[in-house]
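Chains, contacts and geometry: an overview
The primary structure of each chain is shown beneath.
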Amino acid sequence: MSVKQDSLFCTLPVELIYHIFRYLDAQTIVRSIRIVCKRFYTIVNVYDKFNFNFDSIVKSDFHYLCNLILPRNVKSLTLSNSNETPGQIEYFLSRFRIKQFIQLNSLNLFQIDDCQLSIILKDIQKLQLTSLSINSKQDYSDNNTISDDLSSAISLPSLQKLTLNIPSCDISKIVWPIGCTIQHLYIYCRTIDEYCNILYSLPNLRTLVVEGLNIDDNFGIIPNLPNLTAVCQLFSLTFKYCTLDTAMLEFLLSFTPTLEHFHLIRSIDLDVFISYLPQWQTFIETKLLLLNKFNFFLVRHAQLIIIPVDTEQLIAPFRTTFWTEIKQWFVICDYIMSSNILILYSSSFFDPQFEFIFESKQISRSTSTSTINNTIIMDEVQKLRLDLTKMMISATSPQGGLPNKTIFPNLDQLTLCLTDSWPLCSLRALSTLINLSHLTKVSLEFLDSFDYYSESMTNIEA
């Protein structure tokens, strides 16, 4: 029966096989499907929509795939010099030039140094890239040509999506092309002048994510630029890891009256934001008439908590008709008692870089009637820290107990803390609490009163 099934699979129409390939990673296609039969070997070799994502790949697998890559068949490429993949980009450039990838639509680069970046940026000038992403904490400040190379790269007429998450890069030196085609931009910029220049220079911009904007770097200077609202039709705006006050927030939003989606991630003081709610409501009703989605994620850390926390009092201002009925913007407040961390965030919205601490001594409140009396499903949490020893003590105590359903269905990274040997039955408890099939990274921290030891296990396969 299995032989017959295998033979039927091998005779599938090539169009259907290509459709299946869309749901498989390149490593599976090349290493597994390619060797099934001669027909599949040929089909894989001519398949021209490969997505090669080399982020967090095992070194031996990376070298194996490099030996088999046909540049003309690659549509998307991700290269990374992260801690898990050191020296990857240097090795790749010793085998290939990016200009060989003539069908490349999307290019993602992580932790790339300035010399390698200059080589690649010059190579992409003849490509038809629609998406370019550069995320790097490398120091580019001594490289005087990076700004020129970036200016040339963003002038590509086909480019629609751009990520420039490079803290060391002075984006004020970047020259944006006239009639820039970019519609989606993620950028690290520090000053208001840089922010306003982006709005003025990108008339086709629809979504904008700004990281690192800091009012302390602006010295109260308001830039004198033309009317930005006339040239910017922004649909979605996100301020991420910025330092803003309420006056600056209103000033920045005054340039974008067409906003329909606005996200605020750890960019304003939690208590200031709560005290500002009446004025914020008025501002939305008078200046942001099209806004239908507003999400935020704010944190108050331990050193700032000097009085007992009343989560119900904190969330009460969000129980008004404006929030719960007119806009239906529901809010959750979590207080993690052991670490004195207070989190205030929109329902179904969570900072993917924030490591949530799960424990039994946690107080949660929500303005959504569907979650007030039930355990909240935290499907937006991607990073979690959990004290396994304490969890099992709580689970087996008469007053304790764990939820009997999955709380974290989409977790990506998990840190388990242990103060003793591995607790009995803890894996069963974990599998109830967490959907383990989505995990890509697990870290173990062994603690006692004398020392600290941490061991990471990456690339855990489901």
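Each remark here, short or long, concerns the structure printed above.
What you see is a predicted model, and the numbers here were worked out from it, not measured in a lab.

1. Overview of the pattern of salt bridges
Counted by the stated rule, this structure contains 11 salt bridges. For the salt bridge of Arg319 with Glu312, the shortest nitrogen-to-oxygen distance reads 3.0 Å. Judged by its relative accessible area of 31%, Arg319 falls in the partly exposed class. For Glu312, a relative accessible area of 31% translates into the label partly exposed. In this structure, Glu355 and Arg385 form a salt bridge, with 2.9 Å as the shortest nitrogen-oxygen distance. Of this pair, Glu355 sits in strand S13 (residues 355-358) while Arg385 sits in strand S15 (residues 383-387); the two residues are 30 residues apart in sequence, bridging distant segments of the chain. Look at the salt bridges and you will find they share partners, linking Glu312, Arg319 and Arg365 into a network.

2. Side note on the packing of aromatic side chains
The geometry of an aromatic ring pair comes down to the distance between the two centres and the angle between the two planes. Following the criterion strictly, the structure yields 39 aromatic pairs and no others. With a centroid separation of 5.2 Å and an interplanar angle of 40 degrees, the aromatic rings of Tyr18 and Tyr47 are classed as tilted. Of the two residues, Tyr18 sits in helix H2 (residues 14-21) while Tyr47 sits in the loop between helix H4 (38-46) and strand S1 (50-53), which places them 29 residues apart along the sequence. The exposure class assigned to Tyr47 is buried, which follows from its relative accessible area of 4%. Ring geometry for Phe262 against Trp280: centres 6.0 Å apart, planes inclined by 50 degrees, an arrangement best described as tilted. Residue Phe262 is found in strand S9 (residues 261-265), and its partner Trp280 is found in helix H12 (residues 277-287); the two are separated by 18 residues along the sequence. The residues Phe262 and Trp280 share a single accessibility class, namely buried. One residue, Arg31, lies across the ring of Tyr64, its end atom 4.1 Å from the ring centre.

Conventions we followed
- Residues numbered from 1 in each chain as written.
- Predicted model: local features only at pLDDT ≥ 70, side-chain atom pairs only at ≥ 80, totals over all residues.
- Heavy atoms only, no water.
- Salt bridge = Lys/Arg side-chain N within 4 Å of Asp/Glu carboxyl O.
- Buried < 20%, exposed > 50% of the residue type's maximum accessible area, 1.4 Å probe, protein only.
- Helix = DSSP H or I, 4+ residues; strand = E, 2+ residues; numbered from the N terminus.
- Phe/Tyr/Trp six-rings, centres within 6.5 Å; stacked < 30°, edge-to-face > 60°.
- Lys NZ or Arg CZ within 6 Å of the ring centre and 35° of its normal.

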